[in-house]
Amino acid sequence: MGSRASTLLREEEIEEIKKETGFSHSQITRLYSRFTSLDKGENGTLSREDFQRIPELAINPLGDRIINAFFPEGEDQVNFRGFMRTLAHFRPIEDSEKNKNPAASEPLNSRTNKLLFAFRLYDLDRDDKISRDELLQVLRMMVGVNISDEQLGSIADRTIQEADTNGDNSISFTEFIKVLEKVDVEQKMSIRFLH
Amino acid sequence: MPPKKRNDTKIYVEDVGLEVDAVIDSGSEDEARKRSKNRRTKPQRKAKHFSDEEEEEEDDDEDEAPRKRGKRKKAKLRDSDEDDEEDKRSVKRKASKASRKKATQEESEDESEEDHRRKKKGGKSVPKKDKEEQNKEKKGNGKGKRGNDNDGEKDKKKKKRTLSSSSSSSDSSEESLSEGEMAILKEEVEEKKKLIATLRNKPWRMKRRLVVLKEAQEFVERFEGALGKGKGRRLYAFKVMMTKKFIKFKRDFENFKTACIPWERKIKEVESHFGSSVASYFIFLRWMYGLNLVLFGFMFGLVVLPEILMGLPYGAIPRKTVPREEQEKAMDFSVLFEFGGYCKYSFLFYGFYNNERTIGVLQFRLPLSYLLVGVGIFGYSLMVVIRTMARNSNEGGDGAEEGEFTFSWKMFTSWDYLIGNPETADNKYASITTSFKESIVDEQENQKDENIHLRRFLRVLANVLILCSLGGSGYLIYFVVKRSQEFADMDNDELSWFEKNEVEFVMSLLGLVCPPLFETIAELEDYHPRIALKWQLGRIFALFLGNLYTFLFALFDEVTAKLESEKLIKNATEWALNEYRANYSTHFNTTDVPPPDVHPADVIRGPCWETAVGIEFVKLIVSDIQVTYLTILIGDFLRAVIVRFLNYCWCWDLEAGFPSYGEFDISGNVLGLIFNQGMIWMGAFYAPGLVGLNVLRLLCSMYYQCWAVMACNVPHERVFKASRSNNFYMGLLLLVLFLSLLPVVYTIMTLSPSFDCGPFSGQEKMYDVVMETIEQDLPSFIGTIFNYATNPGLIMPAVLLMVLAIYYLNAVSKGYQQANTDLKRKMQMARDEEKNRRNNKDSTNQVMKDLEDLLPDKSLIPPPTEEEPPPPDVVIEKGTKSPKMKPGGAAANGKGVNLQRDVSLAASNPRGPVTRAPGPRGRPPGNARGPQPGPGGGRGRGRPPRQ
């Protein structure tokens, strides 16, 4: 029982999270209850298994990658702060935030950060480049065995060919941004958190 | 006045903070009560003073809730040290309350004592006084622990307590709420709301949470509305309730609407396995079903039902009776199957309808309604088709140019992350695979390097071949129709079944054989599948159209023949009638001749060409349905079964080899649907039942074909994307609509209706019904207006005006198009410019980075981008705090304060550490404000360079 005390959400903590992530008070409490309901071990942190219990992630071909994104490198537990920090990427950009002075540090839910989050899903070895092999892995996850390896390879080649501007046969983050320039990332990578 | 007072106390509490708390807790109950009463309004003060105890008694139950809360918090105390403060708060409140109660009431004391005991489950049952002391102690400890930042909380706590005591009074004296109490109540409601909001992170068991939540919600519900007064209160509550209900209703309605899109799941399933092109057929089918449902509504609601309900029953008049000579065979299946016998004289066909001007108690003008519905069906269809086309073309041009990053987009954005259902996920996998295949096909098509001469030759050859087969089929139909006219002259009984149905048979056969033939020929052309589909559609369209019009001309021959014979019969009946009259008057020597007493079945009647035409169309539709369904059953299902099960014992691989599974024939199906619709449009006027039949057919088709395609077909070898809008289908449909409009309008305007059947019998022309109505039922001036309107002198200018309007609108739309492209180009330019600017900015940043590379402390400096402004602020702030510092800093680097910004950027001197200090401060915004250890450390670090 004593350990549960650490999971309690204190006002100061909420304030800090609010400042860091921009979530509102009620959103934080709501997400906290979600967090605790996911937390089957009841130790105030989530493990990979906890995430895999979410059906949307379980059937998602990139589910494991997304789950990975929640965990800091080398750790297999994530606490509420970390959980919120990751979720903050998906907070919709509000109008009031758009014309805030750019001098302030970039919020977690900016377009670039959203894209960076997506980029990390593909960049397995975290070398800031998506290589052909990484693309192939993703492709295989997405289409299964229905398309021959040869064709998959050509798709990956085509993808890199389309996106690669500096000729290093891989997609860097800037190239990634350029590819998705016309995609409405702000809207697509936003979750309407309940207030 | 009262509110102001409240404000005062508030401020007071804020200022005094802890001390006040301590006083209250440690002080006598009297004092506490005074304080709590302080908050109440002046006028009521005295009364309250006396009634307080009683109220306390009365509201014991209500007090239960806060007590429980307190209890819970108490329990938590044992669990967690961290939540000490909260617990203490509640305990304090508890204590003060308890003490008050002790003084006033025995019963409540007992109860609360019990509570305490329960709270101290651990066995620490402490007398109340001890407890009070305990609380004080804790208070003392807490004081030290809690910093200034707890002030706010304290205040809140305070309020809560006073509120909980005052709420009891406000409960009982709801009627006489003063403004001050109102404010209190308001705050309390807010408090409860907050409790509800934060309930989730209270470490209680679910059961407890639910209980507390329920209580709080009840409270809020009860008192939220009470913020207004009297009527306003109720109105407020009502308004709140209604808005909530409305929002919920709207959401439910949206869900309902989505769930109501028929066959959405089915179509999505097909789409995911067979690609968007096959799905486009089913979407088209669904659209067609909707259209037909509306037409069906018109036809049945305004024509068929009134006649059945209000018209004369079957057998009352000759046109509703089977003639004597046909009666013995009228129920034979073979006759019914060809829509003779009872079918022919039923509401399904034109002949059944009576020409009475008005029917039933409603005085329903059936003939007029019949004509208007017949024309209205065309009008409505035309409108719907054109509107859909316009909408589709809008959707088509949403500006998303494809082709630049197709593969990358598919790769990075194709998965729908909201899918939570395994079945849907399977579909999504399939559809991603399909879409990749589609792009591969497109890609291959683009990269094909071609021998252009050979290609051209082959395409010309293919077109010649197809023209030949089109001509051949046209001649075949002409030949068959001619032959059928010969057969028609012969005796009906001598002909075999085949000879009787030769035309339908040949037409169906042609429809069956030609499309695959065209497809084979189209292989020569080697178009992209999407373009090939359009060619294929166009060719089959030509074929069907030829067939249809040949059929129509044959039908017209028949109709003119029937009109001739009808004239004869008409004359004969008139002659017979005259004979009868003459005989009657001579025989009975009277001029008052009653109508001849003949049984309706025995009356001589004309051929009724309208019904004959209707029957032809119905037969055509039925044979079409049969052929389509049988083709699916044999061509797809049987083939699939054979391939599947004979494969085990066959010489070669049936699945991969020759017969294989069938592919879904998009072009054939789409055109079948379109022509079917054309025949409905043409036939609906002469056979009102046809629309109902068609609705049934489309409904069956939807399920049957969905099943067939999922069960027996394989996806196309080259899956391809359907074009964005199915305007091509719509265009074909529009053409067919126009072509089917022609013959119907022609017959309505020129041919005279049969004299003894149908709603227009006895009239010279069908549209005379309208004229009659205008003359008889509408005021005379409308008739005059109508006369003028039909004057050629007016019609000519009107036509001219319309031509001008078309010209003008055309010009305007061209202008808009021009503007559109201009704007697009401008946007592109703006985007490029933006990109350039961004790139330039990057490069300046790069310069900055290079500069910083030269700095000594570079590793310590946080990334410079976007973080330049904070340092000067901080420096200035520091300056105001300790004036001494400024000269020191300025002296150290030999520059003015104004330049410190540059300094902090360049950091080329001993001030480096100072500029660094703000780093940790500025970064996490959470630490920036409020008295926290962070800044202190920063200041400390900032000092050394000064010395």
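As the structure is a prediction and not an experimental result, all values here were calculated from the model.

Engineer: Could you give me a rundown of the overall build of chain B, with the residues and numbers involved?
Structural biologist: Scanning chain B for helices and strands turns up 37 helices and two strands. Expressed as a percentage of its 947 residues, the buried residues of chain B come to 41%. Approximately 52,500 Å² of chain B is accessible, and the part contributed by carbon and sulfur atoms is 60%.

Engineer: Explain the overall build of chain A to me, and be specific about the residues and the numbers.
Structural biologist: What chain A contains, in helices and strands, is twelve helices and four strands. Taking all 195 residues of chain A together, the buried fraction comes to 46%. Contacts spanning at least 24 positions in sequence make up 59% of the contacts within chain A whose residues lie at least 6 apart. Accessible surface computed for chain A: about 9,700 Å², of which carbon and sulfur atoms make up 48%.

Engineer: A description of the environment of M411(B) should follow, citing residues and the corresponding values.
Structural biologist: By the secondary structure assignment, M411(B) is in helix α18 (residues 406–413). For the pair formed by M411(B) and I432(B), sequence separation is 21 residues and the distance between their alpha carbons is 9.3 Å. For M411(B), the residues in contact, after removing those within four places along its chain, are Y122(A), L135(A), L139(A), M142(A), A156(A), T159(A) and F436(B).

Engineer: Run through the nonpolar core, naming residues and quoting values.
Structural biologist: Within the largest apolar cluster, 112 residues are counted, with the highest numbers of intra-cluster contacts made by F282(B), F284(B), W287(B), F617(B), L671(B), F685(B) and L733(B). Counting residues per element, this core draws most heavily on helix α13 (residues 264–310) of chain B, at 18 residues. Here F282(B) is in contact with I267(B), V270(B), F664(B), M702(B), Q705(B), C706(B) and V709(B), once residues within four sequence places are set aside. By size, the runner-up hydrophobic cluster in this structure holds 62 residues, among which are A156(A), F176(A), A425(B) and F436(B).

Engineer: Describe the confidence of the model for chain B, listing the residues and the values that go with them.
Structural biologist: Residue and element names in this part refer to chain B. Confidence in the prediction of chain B, expressed as mean pLDDT, is 70, and 64% of residues score 70 or more. Model confidence for chain B, summarised as mean pLDDT per element, is weakest for helix α2 (residues 18–26) at 38 and strongest for helix α26 (residues 689–712) at 92. Every residue in residues 396–401 is under pLDDT 50, and counting partners more than four places away or in other chains gives four contacts.

Engineer: Help me get a handle on the pattern of salt bridges, residues and values and all.
Structural biologist: Summed over all chains, the structure comprises 20 salt bridges over all chains. Note that R697(B) is salt-bridged to D624(B), the shortest N-O span being 3.2 Å. Of this pair, R697(B) sits in helix α26 while D624(B) sits in helix α24 (residues 609–646), and the two are 73 residues apart along the sequence. Each member of the salt-bridge network shares a partner with another, and the members are E16(A), E20(A), R81(A) and R85(A).

Engineer: I'd like to hear about helix α8 (residues 111–122) of chain A, residue by residue, with values.
Structural biologist: The periodicity of an α-helix, 3.6 residues per turn, causes residues three or four places apart in sequence to face the same way. Taking 1.5 Å per residue, twelve residues should reach 16 Å; α8(A) reaches 17 Å between its end C-alpha atoms and fits that length. Every buried residue belonging to α8(A) is among N113(A), K114(A), L115(A), F117(A), A118(A), F119(A), L121(A) and Y122(A), and all of these are buried.

Engineer: Just give me the short version of the state of the cysteines, but keep the residues and values in it.
Structural biologist: Residue and element names in this part refer to chain B. Taken as a whole and assessed by the stated rule, the structure comprises one disulfide over all chains. Residue pairing for C608: its cysteine sulfur links by disulfide to C757, the two sulfurs lying 1.8 Å apart. With the S-S dihedral at roughly 95°, the linkage between C608 and C757 falls on the right-handed side. Here C608 is found in the loop between α23 (529–588) and α24, whereas its partner C757 is found in the loop between α27 (727–750) and α28 (768–777), with 149 residues between them in sequence. This pair shows no difference in class: C608 is buried, exactly as C757 is.

Engineer: Run through a negative patch on the surface, naming residues and quoting values.
Structural biologist: Residue and element names in this part refer to chain B. Together, E519, E523, E663 and D665 line one region of the surface with negative charge. You can see E663 is positioned in strand β1 (residues 662–663). The exposure class of E663 is partly exposed, given its relative accessible area of 36%.

Engineer: I'd like to hear about the packing of aromatic side chains, residue by residue, with values.
Structural biologist: Residue and element names in this part refer to chain B. The tally for this structure, following the rule as stated, stands at 43 aromatic pairs over all chains. Seen in terms of ring centroids, W263 and Y289 are 5.3 Å apart; in terms of plane orientation they differ by 65°. Their pairing is edge-to-face. One end of the pair, W263, is in the loop between α12 (231–260) and α13; the other, Y289, is in helix α13, and 26 residues separate them in sequence. Judged by its relative accessible area of 16%, Y289 falls in the buried class. Ring centres of Y281 and F664 lie 5.3 Å apart, and the angle between their planes is 50°; on these two criteria the pair is classed as tilted.

Engineer: So what's going on with the side chain of D39(A)? Which residues, and what values?
Structural biologist: Structurally, the position occupied by D39(A) is in the loop between α2 (25–38) and β1 (45–46). Residues in contact with D39(A), not counting those within four places in the same chain, are G44(A), T45(A), L46(A) and D50(A).

Engineer: So what about the confidence of the model for chain A? Which residues, and what values?
Structural biologist: Residue and element names in this part refer to chain A. Looking at chain A, the pLDDT average stands at 77 and 86% of residues meet or exceed 70. Here helix α7 (residues 95–98) stands out as the element of chain A with the lowest mean pLDDT, 56, in contrast to strand β4 (residues 171–172), whose mean of 86 is the highest. Here residues 1–7 scores under 50 on pLDDT; set against residues more than four positions off or in separate chains, the count is nine contacts.

Engineer: Tell me about the packing of helix α1 (residues 11–21) of chain A against helix α6 (residues 80–87) of chain A, and please be specific about residues and values.
Structural biologist: All names here are of chain A. Orientation of α1 relative to α6, taken along the N-to-C sense of each, is 25°, at an axis distance of 10 Å. With respect to each other, α1 and α6 are oriented roughly parallel. With respect to the hand of their crossing, α1 and α6 are arranged in right-handed fashion. Residues E16, I17, E20 and T21 of α1 form the contact with α6, whose participating residues are F80, R81, M84 and R85. Across the contact of α1 with α6, the residue classes tally to three nonpolar, one polar and four charged.

Engineer: Could you give an account of α24(B), with specific residues and numbers?
Structural biologist: Between its first and last C-alpha atoms α24(B) spans 52 Å; for 38 residues at 1.5 Å apiece the expected length is 56 Å, and the two agree. By the largest-angle criterion, L638(B) marks the main kink of α24(B), which is about 25°.

Engineer: Describe unusual backbone geometry, listing the residues and the values that go with them.
Structural biologist: Residue N169(A) is not a glycine yet carries a positive backbone phi of 55°. Within the secondary structure layout, N169(A) lies in the loop between α10 (149–163) and β4. In this model, C608(B) sits at a positive phi of 55°, which is unusual for a non-glycine residue. Look at C608(B) and you get buried, because its relative accessible area is 9%.

Engineer: Can you explain the packing of helix α22 (residues 502–522) of chain B against α24(B)? Please cite residues and give values.
Structural biologist: Residue and element names in this part refer to chain B. The interhelical angle for the contact between α22 and α24, taken along N-to-C directions, is 40°, at an axis separation of 10 Å. With respect to α24, the axis of α22 lies oblique. Of the two elements, α22 crosses α24, and the hand of that crossing is right-handed. On α24, the residues that touch E504, S508 and L512 of α22 are E616, L620, S623, V627 and T631. Taken together, the residues of the contact of α22 with α24 break down into three nonpolar, three polar and two charged.

Criteria and thresholds
Residues numbered from 1 in each chain as written. Chains lettered and ligands numbered in written order. Predicted model: local features only at pLDDT ≥ 70, side-chain atom pairs only at ≥ 80, totals over all residues. Heavy atoms only, no water. Helix = DSSP H or I, 4+ residues; strand = E, 2+ residues; numbered from the N terminus. Buried < 20%, exposed > 50% of the residue type's maximum accessible area, 1.4 Å probe, protein only. Areas by Shrake-Rupley, 256 points an atom, 1.4 Å probe, with all protein chains shown as cover. Contact = heavy atoms within 4.5 Å. Core = buried A, V, L, I, M, F, W, Y, C linked by side-chain atoms within 4.5 Å. pLDDT = per-residue confidence, 0-100. Salt bridge = Lys/Arg side-chain N within 4 Å of Asp/Glu carboxyl O. Expected span 1.5 Å × (residues − 1). Disulfide = S-S within 2.5 Å. Patch = residues over 30% accessible without salt bridge, like charges linked within 9 Å, V, L, I, M, F, W, Y side chains within 5 Å. Lys, Arg positive; Asp, Glu negative; His and termini not counted. Charge placed at Lys NZ, Arg CZ, Asp CG, Glu CD. Phe/Tyr/Trp six-rings, centres within 6.5 Å; stacked < 30°, edge-to-face > 60°. Axes fitted to C-alpha atoms, helices over the stretch in contact; angles between N-to-C directions. Parallel < 35°, antiparallel > 145°, perpendicular 65-115°, else oblique. Left-handed = near helix turned anticlockwise from the far one by under 90°. Nonpolar A, V, L, I, M, F, W, Y, C, P; charged D, E, K, R; others polar. Bend = angle between axes of the 7 residues up to and from the residue.

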